[in-house]
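The lines below spell out each chain.
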Amino acid sequence: MSSIIKLKDNSIIHISEFIRLKYNLGEGCNTFGNELHPLVIEIMKEAAVEKSLKIIAAGLKSEDEIKSRLADAGFQDYSVIFAVEKLKDYKYINDFEYAKQFILSKKIGRLKAEVELEKKGISKEIIKQIYSENDWLERENINYHIEKNKKKSTAQKFGILVRNGFEKEGIVEVLGIE
C-alpha cells in the first residue's frame, strides 16, 4: 500500500510502506506545513533513492539519465543529488562502466558511440578512454558486422560499417581494401 504526504501548497508526495513505517507516519494521507520541514526533506531523500533504485532495476543508466528521470518525477534538486550520491556510494552508478557496456552491447563504432552516449550525458573523454584502454574493441565490433553481413558485397559492408560509426581507416584496414 502506498501512502501520501500532502503539503500546504497541495502538492502530493507518494511514499512507500517502508518509508511510512520508518518515520512512523499514519496510513493514507499525512499533512505537513511546507516542503522544507526537516522530516519532509528526509522523506523526499529516501523516496528519491527508492525511485532511483527502481529506475536502475530495469537496466544500467547513466548519471544524467537518473537525474533527469528523478527530476521528471518531481523530486527537488536536494533529493536528486542525495540519491545520485547514494547510488555512487553503492557503485550502482558508474558512467565509465555504463558506456563500456553500452558500446559492447550495441556493437557500434567510436563515432556513433560518441553521438549516442553524449545524449545520455557521457563525456567524449570517457568514450575515448574506453577505446584507448580497449584497443581491440573497435576491431571486434567491425568483425562482428562483417560476419553478420558476410554474404554482402564489400561496398555494402563498408556502408553498413560507416552507418554504425566506424572510422574509414579502421574499416579499410579490416576489409583489406585500398
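As a reminder, the structure under discussion sits directly above these lines.
The structure contained in this document is the topic of the report that follows. What you see as residue numbers is a count from 1 along each chain, following the sequence as written. It should be noted that, the model being predicted, local features are given only for residues of pLDDT at least 70 and side-chain atom pairs only at 80 or more, the latter also being counted only at that level, while totals for whole chains, interfaces and linings use all residues. Excluded from the side-chain calculation are hydrogens and water; included are all heavy atoms of the structure.

## Structural notes on a nonpolar patch on the surface
Piece 1. Residues Leu53, Tyr90 and Tyr92 make up a contiguous nonpolar surface patch of roughly 300 Å² in combined accessible area.
Piece 2. Strands here are runs of E lasting at least two residues and helices are runs of H or I lasting at least four, both read from the DSSP assignment and numbered beginning at the N terminus. Inspection of the secondary structure assignment puts tyrosine 92 in the loop between helix H4 (77–89) and helix H5 (95–106). The residues that make up patches have over 30% relative accessible area and no salt bridge, and they are joined within 9 Å when like-charged or within 5 Å when they are Val, Leu, Ile, Met, Phe, Trp or Tyr. Areas reported as accessible are Shrake-Rupley estimates using a 1.4 Å probe. Residue values count occlusion only from the protein chains shown. What counts as a salt bridge is simple: a side-chain nitrogen of Lys or Arg found within 4 Å of a carboxyl oxygen of Asp or Glu.

## Quick look at the nonpolar core
Piece 1. Take the buried Ala, Val, Leu, Ile, Met, Phe, Trp, Tyr and Cys residues and link them wherever side-chain atoms come within 4.5 Å; each set so joined is a nonpolar core. Each residue's exposure class comes from its accessible area (1.4 Å probe, protein chains only) as a fraction of the maximum for that residue type: buried when under 20%, exposed when over 50%, partly exposed otherwise. Among the nonpolar cores identified, the biggest contains 20 residues, and Ile19, Ile43, Ile66, Leu70, Phe75 and Leu87 are the most heavily contacted of them.
Piece 2. The greatest single-element share of this core, amounting to eight residues, is contributed by helix H2 (residues 38–57).
Piece 3. With residues up to four places along the chain from it excluded, the contact list for isoleucine 66 reads Ser52, Ile55, Ile56, Lys61, Val84, Leu87 and Ile93.
Piece 4. In this structure, Ala99, Ile108, Ile126 and Tyr131 belong to the second largest nonpolar core, which totals 14 residues. Pairs of residues are marked as contacts when any of their non-hydrogen atoms sit within 4.5 Å.

## A closer look at the environment of aspartate 77
Piece 1. Of note, aspartate 77 is situated in helix H4.
Piece 2. Taking the C-alpha atoms as reference, aspartate 77 lies 8.9 Å from lysine 67; in sequence the two are ten residues apart.

## Observations regarding H5
Owing to its 3.6 residues per turn, the α-helix brings residues three or four apart onto one side.
Piece 1. Across its twelve residues, H5 extends 16 Å between first and last C-alpha, which sits within 8% of the 16 Å expected from 1.5 Å per residue.
Piece 2. Buried residues belonging to H5 abut helix H3 (63–72), helix H6 (110–119), helix H7 (124–133) and helix H8 (136–148).
Piece 3. Near the N-terminus of H5, the side chain that reaches the backbone nitrogen of phenylalanine 96, with its oxygen 3.1 Å away, is that of asparagine 94.
Piece 4. Lysine 107 lies just past H5 and shows a positive phi near 55°. A helix is expected to span 1.5 Å for every residue after the first. Within 3.5 Å is the distance limit for a polar contact, defined as a pair of N or O atoms, with the added protein rule that one can donate a hydrogen and the other accept it, and that residues adjacent in sequence qualify only through two side-chain atoms.

## What about the packing of H8 against helix H9 (residues 154–163)?
Between two packed helices, both the angle of their axes relative to each other and the distance between the axes serve to describe the pair.
Piece 1. Each axis is a line fitted through C-alpha atoms, taken for helices only over the stretch in contact, and angles between the N-to-C directions span 0 to 180 degrees. Orientation of H8 relative to H9, taken along the N-to-C sense of each, is 135°, at an axis distance of 10 Å. Taken together, the axes of H8 and H9 are oblique relative to one another. The chirality of how H8 crosses H9 is right-handed. Contact residues: H8 offers Ile142, His145 and Ile146, while H9 offers Lys157, Ile160 and Leu161.
Piece 2. Residues are sorted three ways: Asp, Glu, Lys and Arg are charged, Ala, Val, Leu, Ile, Met, Phe, Trp, Tyr, Cys and Pro are nonpolar, and all the rest, Gly among them, are polar. Its residues assigned to classes, the contact of H8 with H9 comprises four nonpolar, one polar and one charged. Geometric relationships in this document are graded by angle, where less than 35 degrees denotes roughly parallel, more than 145 denotes roughly antiparallel, 65 to 115 denotes roughly perpendicular, and other angles denote oblique. Crossings are assigned a handedness: left-handed for a near helix turned anticlockwise from the far helix by less than a right angle, right-handed for a clockwise turn.

Coordinates in, geometry out; function isn't part of it.
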